[in-house]
Amino acid sequence: MTLKLRIDQGAAEAPYEQVRAQISGQARSGALPVGYKLPTVRGLAETLGLAANTVAKAYKALEADGVIETRGRNGTFVAAAGGAAEQKAAEAAAAYAAQARRLGLDRAAALAAAENAVRAAYS
């Protein structure tokens, strides 16, 4: 999974708002999973042809919204939404998805295995 952003310089929305809205949308839809490491401010600014301050403003707004979290020198990551239980479940799901992919399962097989496990746990 990769971050896919497109900035329309002619749009009515400011570039920082376009970055904020697109990252937020991808995080909330699951296109960017919990724990996904975002590019550095400088790196993303360079990739998009924007000023670093523009990307920093978007990241600051996303952090205030709880969409991303900065872990000091470790970087900036997509945050889990919801309370502690939801966060732990999201982290476990992300770990499961990574393991299933390493094992060579396709998406359908990984989802089926997860669904079976959830069904068994709640029966």
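Scroll up to find the structure this text is about.
As a convention, each chain's residues are numbered from 1 in the sequence order in which they are written. Two thresholds apply to this predicted model, a pLDDT of at least 70 for residue-level local features and 80 or more for giving and counting side-chain atom pairs, whereas whole-chain, interface and lining totals are computed over all residues. Water and hydrogen atoms were dropped before computing side-chain values, which therefore reflect all heavy atoms in the structure.

Caption draft 1: Here's a closer look at the overall build of the protein chain. Numbering goes from the N terminus for both helices and strands, where a helix is a DSSP run of H or I of at least four residues and a strand is a run of E of at least two. Along the protein chain, the regular secondary structure elements total 5 helices and 3 strands. Secondary structure of the protein chain in N-to-C order comes out as α-β-α-α-β-β-α-α. Principal-axis analysis of the C-alpha atoms gives the protein chain an extent of 50 × 30 × 30 Å. Each residue is assigned to one of three classes by its accessible area relative to the maximum for its type, calculated with a 1.4 Å probe on protein chains only: buried under 20%, partly exposed between the two thresholds, exposed over 50%. Put simply, the protein chain has 123 residues, and 26% of those count as buried. Within the protein chain, one finds 15 positive and 11 negative side-chain charges whose respective centroids are separated by 5 Å. Only four residue types enter the charge count, namely Lys and Arg as positive and Asp and Glu as negative; His and the chain termini do not. For charged residues, the charge sits on one atom: NZ in Lys, CZ in Arg, CG in Asp, CD in Glu.

Caption draft 2: Seen up close, the side chain of Arg20. Position of Arg20 relative to the elements: it lies in helix α1 (residues 15-29). Relative accessible area serves as the criterion here: at 18%, Arg20 is assigned to the buried category. Residues count as neighbours in contact if any of their non-hydrogen atoms are within 4.5 Å of one another. Setting aside its immediate chain neighbours within four residues, Arg20 contacts Ala58, Ala61, Leu62 and Asp65.

Caption draft 3: How the structure looks around the pattern of salt bridges. We count a salt bridge whenever a side-chain nitrogen from Lys or Arg sits within 4 Å of a carboxyl oxygen from Asp or Glu. One pass over the structure, following the stated rule, counts 4 salt bridges. Between Arg71 and Glu69 there is a salt bridge, with its nearest N and O atoms 2.7 Å apart. With a relative accessible area of 37%, Arg71 lands in the partly exposed category. Judged by relative accessible area, Glu69 falls into the partly exposed class, the value being 25%. Glu115 is the partner of Arg119 in a salt bridge, and the nearest nitrogen-oxygen pair spans 3.6 Å. Highlighted residues: Arg119 and Glu115, both in helix α5 (residues 107-121), separated by 4 residues, approximately one helical turn. Connected via shared salt-bridge partners are Glu17, Arg20 and Asp65.

Caption draft 4: Seen up close, the packing of helix α2 (residues 41-48) against helix α3 (residues 52-64). Between N-to-C directions, angles span 0 to 180 degrees; the directions come from axes that are lines fitted to C-alpha atoms, helices contributing only their stretch in contact. Relative to each other, α2 and α3 sit at 120 degrees, their axes nearing to 8 Å. Classified by the angle their axes make, α2 and α3 are oblique. Every pair of crossing elements has a handedness; the one defined by α2 and α3 is right-handed. For the pair α2 and α3, contact is made by Val41, Leu44 and Ala45 and by Ala52, Val55, Ala56 and Tyr59, respectively. Residues are grouped as follows: nonpolar covers Ala, Val, Leu, Ile, Met, Phe, Trp, Tyr, Cys and Pro; charged covers Asp, Glu, Lys and Arg; every other residue, Gly included, is treated as polar. Looking at the contact of α2 with α3, its residues break down into 7 nonpolar, no polar and no charged. Each angle gets one of four labels, with under 35 degrees taken as roughly parallel, over 145 as roughly antiparallel, 65 to 115 as roughly perpendicular, and the rest as oblique. For any helix crossing, the convention is left-handed if the near helix is rotated counterclockwise from the far helix by under a right angle, and right-handed if that rotation is clockwise.

Caption draft 5: Focus on α2. Taken together, the buried positions of α2 are Leu44, Ala45 and Leu48. Summarising the axial view, the buried residues of α2 lie within an arc of 100 degrees, below the 170-degree limit, and thus occupy one face. Within α2, the exposed residues directed more than 90 degrees away from the buried face are Arg42, Glu46 and Thr47. The elements touched by buried residues of α2 are α1 and α3. The directions from the helix axis to the C-beta atoms form the arc being described.

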